[in-house]
Amino acid sequence: MRRSLHTLASLVVTAVVALFCLLPLYWVLVTSLKRPGTEFRLPLRAWPAPVSWESYLTVLGPDFRIQHAILNSLLVSAAVTAGALFLAGLAAYAIARLRFRYKVQSLTLIQMAGMAPAIVVIAPTFVLIRSLGLLSSLPGLILPNIAYSIPLSTWLLAAYFANLPFDLEDAAKTDGWPPFQVFLRVILPLAAPGLFSAGVLVFLGSWGEFMLALTISMGLPEAQTVPVAILGFSQAFQLQWAWVSAGIVLSLLPVIVLVLLFQKTVIQGLTAGAVRY
Amino acid sequence: MAQVAVQQISKRFGSVTAVDELTWTFDDGGLTVLVGPSGCGKTTLLRMIAGLEEPSGGQVWFGDLDVTAVPPWERNAAMVFQSYALYPHMTVFANMAFPLQARKLKKDAIRRQVERTAQALGIDHLLRRKPRELSGGQMQRVALGRAMVRQPDVYLMDEPLSNLDAQLRVEMRGEIKRLQRALGVTTIYVTHDQAEAMTMADTLVVLRDGRIEQAGDPELIYRQPATAFVAGFIGSPMINFIDVRLDETGAAWMLGDLRGALPARLPAAAAGTAGQPLVLGIRPEDVVVSREAIPDSLPARAVVREPLGKEALLLLAADALPAGSLLRAITPPDLRPAPDETVWLHFPPARIHLFDPTTNRALQSTIGSPR
Amino acid sequence: MRQRESTIALVFLAPAFVALGVFLFYPIVQTAIYSLFDLEYSTRWREATFVGLANYGDVLASREFWGSMRFTVLFTVAAVSLEFVLGLGMALATFWVVRPLRGILRAIIVLPWAIPGVIQASMWRWLFNSDVGLLGHLAVALGLADQPPLFLADPTLAVGSVILAYVWKGASMSAIFLMGGLAMVPQHLLDAAKMDGARAWMRLRRITLPLILPTILVTLLFRTLDALRVFDIVYGLTGGGPGTTTDTLSSFAYKFYFTFVQFGRGSAYAIITFLLVTGLSLLYIRRITPHLRFR
C-alpha cells in the first residue's frame, strides 16, 4: 500500500480505537470540570464552559478526603506486590529450576487456586479476618491479596526463570554458595525484568481488587481502598456527578500514569505466560 | 521473462544509508550473484526488488514496467529465504500448493503442478510430511519447489544455502546452478560467501556500503579487481597486500632491496611519480616460492606451514616487511622448508596488482567498475 | 543431591502454599462445610443444624438461581464473543498501523484494562444515565431512539448495558493477550506469503490465525473464566437489577451472604458456582490441550 494511504488509514484506525477506548474516560473528565449542580443541564457540550475545579477541591477536602483512599490503595498494593513477589518468586524458582518429583502437580495446583471465583472464599475469609481482629484494617486487606496474587505471578515468574541459562546454578554451587544465596545473589538480579513485569501486574491487579476490599472495609473510610471509596461516593451522591467524576479522575491518575509508563512491560508480562505455548 | 533493472535506487533507515543510488540491469535469463560483506546492502537490495522493502528513492523495473509501487504479491517474483520460511502448520504439499491457491487455480491443476515440481526436485515422497519432520537439505528443496511451482518471471534467493552444512552446501550449489540453466529464468542470488559467488555466478556484482564496487564476469573480476577491496574480498586465501614504493626511474617498484617490473598492461605514465607509495597485491597462488636463490626475489622464512592435501599454505615473514606481517603463499605439497631456512619469493609482474593507497583503486585500466 | 534439592524445593514452595492454603484452599473447604448447615446471621456451624444437601436443594429449586445461571451463561457467551472479535481487531491494528502510531495505539488499548471494574461501573452508570447520559443522547442523535433510552432500568437494555460495559474492558484484555501471540508470528513467514502472492486477507486467514491458534485458545479460556466469575461490573452498575435480571451467579451469591445474611444457602450458591466454573475450565483445558504445543 502506498505510504501516504497507509498513514491516512492508520490515523483513521487509531482515531476509531481511541474513540472506543478513551471516550468514557474523556466524558468523566469533562463532567468533573463542570460546576457542581450543572451536570444535568442540557444540551451536552464537548467541553464545559466555564471550567470549574470546584469538584476537585470538594473531593480533596475534609468531607471526602479521596486522597486518603488513594493512599490506602497505594500502601496496600505496594505491600501486596512486595509480599507476592517474594512468595511467588521462591515458588517459581523451585518449580522452574530445581529438580523434584511433583513439579507439574505443584504448578497445576497453584494455577487451579487461581481459578477459584472470589465468591467461594469470601465468607470464611471474612470470618478469619474478623477473628484475627483485622477487620477494617489494611493488613486485613493485604494478607489475602498476597495469596490471590500468587497464582498469576508464580506462573509468569516460572516462565521467566525457565528461560534463564541453566549453567548459572552449577557455576554458583561450584563456587560454594548455599542454595538460598544462589537464589538471592545470582538468579534474582538476572530475573529483575521478569520481577518487574510481574510486579506491575500484581500492583495493578490488587489496586482493582474489589470484593474483598468491599467486605473487609465494612464501610469505614479508614480502611477503604479506591474502588470501594468511589463506589461509595457514587451511591451516596447520586446526583452530584461532578464530585464523583472528580473522584474518579483523581483515583485513576496513579493507574494511568503507571500504565502509560510501563505499557510495554505490562503487555510483555501478561502475554509471557499465555504465550508460553 | 522479465529483465530486471534498478535505477538510482536507495534505501535509508534513519541516518543509515543501506543502499546508495544504485543502478544496474540484471542479466535476462542469467544467474546474477550479489556478494559483499555484511551490511553492504545486498539483502536490502534484493528485498526492494522483491517488493518487501519500499525504496527511499529510485525505481525498480520489470521489463518496461515500473514496479516500484507494486506490492510483492502482484510482482511475479518468487523468493527463497535463508530460513526457508516454510509454513510450519502445513504439509509439504500444502506449502507448495499455497502460491497456486493464491492465484486461484483449480484443485486438479494445483495437484498436477505440485506433483510435477516435487518429482523434478526429488521430494515427491515427502509431500505428506510437515516441515519439522524434514532435514535441512529437504527443507531447502521444498523452499525451491514452492518458488518454482508457479513458474515466476524472476527468482530471488537470499542466502538459501547458509544454513546447510559444508558438504551439502557444495552439492546444492551445483544443483541450483543446473536448475537455473535448465529453467533459463532471471535469477538474483545473494550470498556473503565469495567462493559460492564465484562458482555460481554468470555475472558477479560486488557490493560495498550500498554501492556497486565492481560488477561483471567472475573470472575477470578475480583476475583484474578494480579496487583493493574487491581484490581482498574475492579469492581465498586472501590476497597479500604489501606497501611498496615506485623507484627513482618510475618504471619499477621497490621493496627493500627488491626491485620489480611493473605489469605489462599498465601504461608507464599511469603509475605515478618517483618514490610514490603504492600498494602491491599478489595472490597466494601466484607467489613463486623457491628454495634456491632466484633473480628478483625476496628472502623470507616460513613461519607456519598448513598442509591442505593437494597443496600447502605457507605463512612467511621477511625482513623487508613490517614486523609481524606475514605473506601467504600456496605451494606444491612436496615443498617443505625447514623453520630457519631462507626461501626466495618471486612476484611475477604479470600477476601483480597495484593499487593507489589513497583511493584504493587499481592502477590498471578499470574493468567492470561503474563509477 | 536430588534428595537435597527436593528439600530445598519444599522449603521454597512452603510459604506460597501456606498463603494459598490459608486464604484459598481452607476457605473453599470451609464454604463447603457452611453449605451443609442451616446458617443464618451466624457462621458458627458447629452449633448449627446439619441439613446435608437441603441448602443445595433450595437453591437449585429457586427461580433466582436459574435466572442468574441463565444470565451468567448468556453474558459469558455474548461478552466473550464480542470482546474477542473487537480485541482481535485491535491487536491486528497494532501490527498494521505505521510505526510511529504503534506505541500510541498500544497505550490506548491497554488503558481500559488498568481501570478497576467497579470504577468503570460508576463511569458507565453516568454514561447510561437516562437524563443526561452521553450514550442516551448519542442514540438520539444517531436516530436510534426518540428519547434517551432507560439503559439501566429497562430489563432488556440493562442486559445489553452490562455486557457493553464489560466488553469495553474485556476487549482490551483480549487484545493484550492476542498482541502477545501475534508478536510471535515470524516475520519471514509473512514475507514468504507475500512473495507467494497472498493478499492481506489470505495471509490473515491461512498463516496468521492458524499460527496463533494456541494463543487464541488460551485467551478464550481466560476470558471465559473471567466472564463466568464476573462481579464488580454487575455490583457497581446495576446491583443485579432491575430486580434480578442482571444478577450473575457471583453477584447473587454475594447478596445471599451480605444482604440476606444467609450463610448456609449463600455457601451452597457459592459452591455451585465454583464447581461450575472449575468444571467448565477443566473440560475446556482438556479439550484444547492437544492443540497447544508445549515447549
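Residues numbered from 1 in each chain as written. Chains lettered and ligands numbered in written order. Predicted model: local features only at pLDDT ≥ 70, side-chain atom pairs only at ≥ 80, totals over all residues.

A.B. asks: Mind showing me how you'd approach the overall build of chain A here?
C.D. replies: Looking only at helices and strands, one finds 13 helices and 0 strands in chain A. Scanning chain A from its N terminus toward the C terminus, one meets helices and strands in the order α-α-α-α-α-α-α-α-α-α-α-α-α. A total of 277 residues make up chain A; the buried ones form 50% of that total. Partitioning the contacts of chain A with sequence separation of at least 6, the portion at a separation of at least 24 is 76%. (Helix = DSSP H or I, 4+ residues; strand = E, 2+ residues; numbered from the N terminus. Buried ≥ 20, exposed ≤ 12 C-beta atoms within 10 Å, placed from the backbone. Contact = placed C-beta atoms within 7 Å.)

A.B. asks: What exactly am I supposed to notice about the overall build of chain B here?
C.D. replies: Looking only at helices and strands, chain B features 9 helices and 20 strands. Counting only C-alpha atoms, chain B reaches 80 × 45 × 35 Å along its principal axes. Considering chain B as a whole, with its 371 residues, one finds that 40% of them fall into the buried category. Within chain B, residue pairs in contact and separated by at least 24 positions form 66% of the contacts whose partners lie at least 6 positions apart.

A.B. asks: Sorry, what's going on with the sheet that holds strand β17 (residues 312-317) of chain B here?
C.D. replies: Backbone hydrogen bonds hold the strands of a sheet together, and the pairing may be parallel or antiparallel. Residues and elements named next belong to chain B. Ordered by their spatial adjacency, 5 strands build an open sheet running β15-β19-β16-β17-β18, and the pairing between neighbours is antiparallel. The outermost strands of the open sheet, each flanked by one partner alone, are β15 (288-290) and β18 (327-331). Shown here is a sheet whose adjacent strand axes are inclined to one another by a mean of 45 degrees, direction ignored. Taken together, the 3 bridges between β15 and strand β19 (residues 342-346) define a ladder with antiparallel strand orientation. When the bridges of β19 are listed, V289 appears paired with L345. (Pairing = 2+ DSSP bridges. Axes fitted to C-alpha atoms, helices over the stretch in contact; angles between N-to-C directions.)

A.B. asks: What's the story with the nonpolar core in this structure? I'm lost.
C.D. replies: Nonpolar side chains tend toward joint burial in soluble globular proteins. A91 and I150 of chain A are the most contacted members of the largest nonpolar core, which totals 169 residues. If we skip the residues at most four places from it in the chain, A91 of chain A touches I110 and T154 of chain A together with F12, L13 and A16 of chain C. Counting residues in hydrophobic clusters, the runner-up holds 106 residues, among them M48, F98, F347 and L354 of chain B. (Core = buried A, V, L, I, M, F, W, Y, C linked by C-beta atoms within 7 Å.)

A.B. asks: Whenever I open this one, the interface of chain A and chain C confuses me. Can you help?
C.D. replies: For an interface, size is often stated in terms of accessible area lost upon the parts coming together. Facing 74 residues of chain A, the contacting portion of chain C comprises 86 residues. For the side of chain A that touches chain C, the residue count by class is 58 nonpolar, 13 polar and 3 charged. (Nonpolar A, V, L, I, M, F, W, Y, C, P; charged D, E, K, R; others polar.)

A.B. asks: Can you walk me through the pairing of strand β14 (residues 277-282) of chain B in this structure?
C.D. replies: It is a general feature of regular strands that their side chains alternate between the two faces of the sheet. All names here are of chain B. Sheet topology note: the strand β11 (residues 240-246)/β14 ladder contains 6 bridges and is antiparallel. Residue pairing in the sheet places V244 in a bridge with L278 of β14. Across 3 bridges, the pairing between β14 and strand β20 (residues 353-355) is antiparallel. Along β20, the bridge assignment pairs G281 with H353.

A.B. asks: I tried to follow the domain arrangement of chain B on my own but got confused; where do I start?
C.D. replies: Residue and element names in this part refer to chain B. In terms of domains, chain B is made up of domain 1 (4-232) and domain 2 (239-355). A C-alpha centroid distance of 40 Å is found between domain 1 and domain 2. Residue-level contacts link 4 residues of domain 1 with 6 residues of domain 2. Class assignment of the residues belonging to the side of domain 1 that touches domain 2 gives a composition of 3 nonpolar, 1 polar and no charged. (Domains from an automatic or database assignment.)

A.B. asks: Is there a simple way to explain the sheet that holds strand β13 (residues 258-261) of chain B in this structure?
C.D. replies: Residue and element names in this part refer to chain B. The sheet built from 5 strands is open, its strands ordered β13-β12-β11-β14-β20 with antiparallel pairing. The strands lining the two open edges of the sheet, one partner per strand, are β13 and β20. Strand after strand, the sheet turns through a mean of 40 degrees between neighbouring axes, direction not considered.

A.B. asks: Looking at this model, I keep getting lost on the environment of T23 of chain B. Mind explaining?
C.D. replies: Residue and element names in this part refer to chain B. Structurally, T23 is set in strand β2 (residues 16-25). Residue class for T23 comes out partly exposed when judged on the 13 C-beta atoms lying within 10 Å of it. A sequence separation of 14 residues divides T23 from I9, and the C-alpha atoms of the two residues are 6.5 Å apart. Those residues in contact with T23, other than ones at most four positions away along the chain, are V6, Q7 and Q8.

A.B. asks: Explanation requested: unusual backbone geometry in the structure shown.
C.D. replies: Peptide bonds are trans in most cases, and residues, glycine excluded, mostly fall at negative phi. Residue and element names in this part refer to chain B. Cis geometry marks the peptide bond from S236 to P237; its omega dihedral reads 0 degrees. With respect to the helices and strands, P237 occurs in the loop between α8 (228-233) and β11. With a phi angle near 45 degrees, E21 is a residue other than glycine that sits in the positive phi range. With respect to the helices and strands, the residue E21 is situated in strand β2. Positive phi outside glycine occurs at E159, with the angle close to 45 degrees. Within the element layout of this structure, E159 appears in the loop between β7 (154-158) and α5 (166-183).

A.B. asks: I'm lost on the packing of helix α3 (residues 63-96) of chain C against helix α7 (residues 155-183) of chain C in this one. Help?
C.D. replies: A packed helix pair is summarised by two numbers, namely the angle formed by the two axes and the spacing between the axes. Residues and elements named next belong to chain C. Their axes nearest at 6 Å, the elements α3 and α7 cross at an angle of 45 degrees. By the angle between their directions, the pair α3 and α7 is classed as oblique. The crossing of α3 and α7 is right-handed. When the residues that make up the contact of α3 with α7 are grouped by side-chain class, the tally is 19 nonpolar, 4 polar and 1 charged. (Parallel < 35°, antiparallel > 145°, perpendicular 65-115°, else oblique. Left-handed = near helix turned anticlockwise from the far one by under 90°.)

A.B. asks: Looking at this model, I keep getting lost on the environment of T108 of chain A. Mind explaining?
C.D. replies: Residues and elements named next belong to chain A. On the secondary structure map, T108 appears in helix α4 (residues 103-113). Given 12 C-beta atoms within 10 Å, T108 falls into the exposed group. Each C-alpha atom of the pair T108 and A84 lies 18 Å from the other, and the pair is 24 residues apart in sequence.

A.B. asks: Please clarify how the confidence of the model for chain B should be interpreted in this entry.
C.D. replies: Atomic detail in the predicted coordinates should be set aside for any region of low pLDDT. Residues and elements named next belong to chain B. In the predicted model, chain B carries a mean pLDDT of 88, and the fraction of residues at 70 or more is 96%. Considering only residues more than four positions removed or in separate chains, one finds that residues 366-371, a stretch of pLDDT under 50, has 16 contacts. Both scores are given for the predicted complex: the pTM is 0.82, the ipTM 0.83. (pLDDT = per-residue confidence, 0-100.)

A.B. asks: Would you mind going over the pairing of strand β6 (residues 77-80) of chain B with me for this structure?
C.D. replies: Residues and elements named next belong to chain B. Along β6, one buried face is formed by A77 and M79 and the opposite face, lined by A78 and V80, is buried too. Of the pairings in the sheet, the one linking β6 to β7 comprises 4 bridges and is parallel in character. Bridge pairing links A77 to V154 in β7.

A.B. asks: I would appreciate a short explanation of helix α10 (residues 213-228) of chain C in the present structure.
C.D. replies: Turn by turn, an α-helix covers 3.6 residues, leaving residues three or four places apart pointing in a common direction. A rise of 1.5 Å per residue sets the reference length of α10 of chain C, with its 16 residues, at 22 Å; its end C-alpha atoms lie 22 Å apart and thus fit the reference within 8%. Turning to α10 of chain C, its buried residues number three or more, namely T215, V218, T219, R223, A227 and L228 of chain C. (Expected span 1.5 Å × (residues − 1).)

A.B. asks: Looking at this model, I keep getting lost on the environment of M157 of chain B. Mind explaining?
C.D. replies: By the secondary structure assignment, M157 of chain B is in strand β7. Separated by 32 residues in the primary sequence, M157 of chain B and Y189 of chain B have C-alpha atoms spaced 4.7 Å apart.

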